[in-house]
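Spelled out, the chains give:
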There are 2 protein chains.
Amino acid sequence: MVDYQPASLDRTFAALADPTRRALLARLSDSDAVSVSDLAKPFAMSLPAIMKHLDVLKDAGLVTREKSGRIVSCRLRAEPMHEANEWLNRYQRFWTERLDQLEALLENDAWLPPSLQNQASPSSVDSRPRPRKSLPRGPIRKK
Amino acid sequence: MVDYQPASLDRTFAALADPTRRALLARLSDSDAVSVSDLAKPFAMSLPAIMKHLDVLKDAGLVTREKSGRIVSCRLRAEPMHEANEWLNRYQRFWTERLDQLEALLENDAWLPPSLQNQASPSSVDSRPRPRKSLPRGPIRKK
DNA sequence: CCTATACTTAACCAGATGGTTGACTATCAG
DNA sequence: CTGATAGTCAACCATCTGGTTAAGTATAGG
């Protein structure tokens, strides 16, 4: 009954919910690989605290760590973000709703399949997968 | 020091990190407005537990509640997801890049046993992010 | 009025989270 | 070998999270 959602999404979103961790990811997106202490430098907290954040990011699959000598290089791994992005894109039609309505008005629904034309009621928002930048593969059925 | 990240992203990602809450949002994306007890019905947990989840979603701005008589209608509000989506999209080139690299590997197959190597690689290895749709996205590693 | 329904609030609890300090291991440089 | 550097581990602590039960409020309906 409740649609099953993989635990990896849990860990991904939870990892992204902390500003320190998002800043770490931002830093890793600038450089190819960064050592742990270099990563920690800009922050006001202790090194073990950063380590814990890196552990969370690693458990979420968002960073990899590779030891070479005594320095440990951290690298961004963005695939889990892709999964999160696809989950979010199922809701894209809700925030692009107004834009879609405007487009539909301007373009006179020419791009819609005939079965969906002339259904401009604002309450029935469903089944308007407008191909934008990414894939909005939302549920089609209406309750 | 650290680039400032708004607290609303914290709340949005944190709200999305729970499977129950994602299921609630999925339910709300099917119907225009759903009462609290209808929302709670499919779940094995108590009503106050669902209430707490709805509070979290409300604090994140992901649902609105409107009382009418003794029933409270909940509605999806997707704007915070838009913000989260835009944050994620700043990293899109990374998963696209890596997929391109993987694809280049598969086409180049220098790592394959010679019996499985076939024709040469036509695509450039380090390409800019280009829109691709056929992704062999197998399960990301689970715990 | 009386009672069932719909929701809310409060108190409590176990476990996760986010930080600390201090001690410890491993490696590089002299 | 010695000492500094890079990172990890362990114990501790406060707060947050996600659930419970029990009691309370408000409205709809007979």
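Worth saying up front: this structure is predicted, and the values here are computed from it rather than measured.

S.K.: Explain the overall build of chain A here, please?
M.R.: In terms of helices and strands, chain A carries 7 helices and 3 strands. Looking at chain A as a whole, 47% of its 143 residues qualify as buried. Taking as baseline every contact in chain A between residues at least 6 positions apart, the subset at least 24 positions apart corresponds to 55%. Of the roughly 7800 Å² that chain A leaves accessible, carbon and sulfur atoms contribute 53%.

S.K.: Help me understand the protein's contact with DNA strand D in this model?
M.R.: In the region of DNA strand D, 20 residues are neighbours, and Ser37 and Met51 of chain A together with Ser46, Lys52 and His53 of chain B sit closest. Backbone atoms, meaning sugar and phosphate, make up 69% of the atoms of DNA strand D lying within 4 Å of the protein. Contact between DNA strand D and Val36 of chain A: a phosphate oxygen at 3.2 Å from a main-chain N or O atom of the residue. Contact between DNA strand D and Arg70 of chain A: a base oxygen at 2.7 Å from a side-chain N or O atom of the residue. Of all the elements in the fold, those that place two or more residues in the surface near DNA strand D are helix H3 (36-40), helix H4 (47-59) and strand E3 (71-76) of chain A together with helix H4 (47-59) of chain B. Residue contributions to the surface near DNA strand D peak at 4 residues, all from H4 of chain B.

The rules behind the values
Residues numbered from 1 in each chain as written. Chains lettered and ligands numbered in written order. Predicted model: local features only at pLDDT ≥ 70, side-chain atom pairs only at ≥ 80, totals over all residues. Heavy atoms only, no water. Helix = DSSP H or I, 4+ residues; strand = E, 2+ residues; numbered from the N terminus. Buried < 20%, exposed > 50% of the residue type's maximum accessible area, 1.4 Å probe, protein only. Contact = heavy atoms within 4.5 Å. Areas by Shrake-Rupley, 256 points an atom, 1.4 Å probe, with all protein chains shown as cover. Near = heavy atom within 4 Å. Polar contact = N/O pair within 3.5 Å; in protein donor to acceptor, adjacent residues only side chain to side chain.

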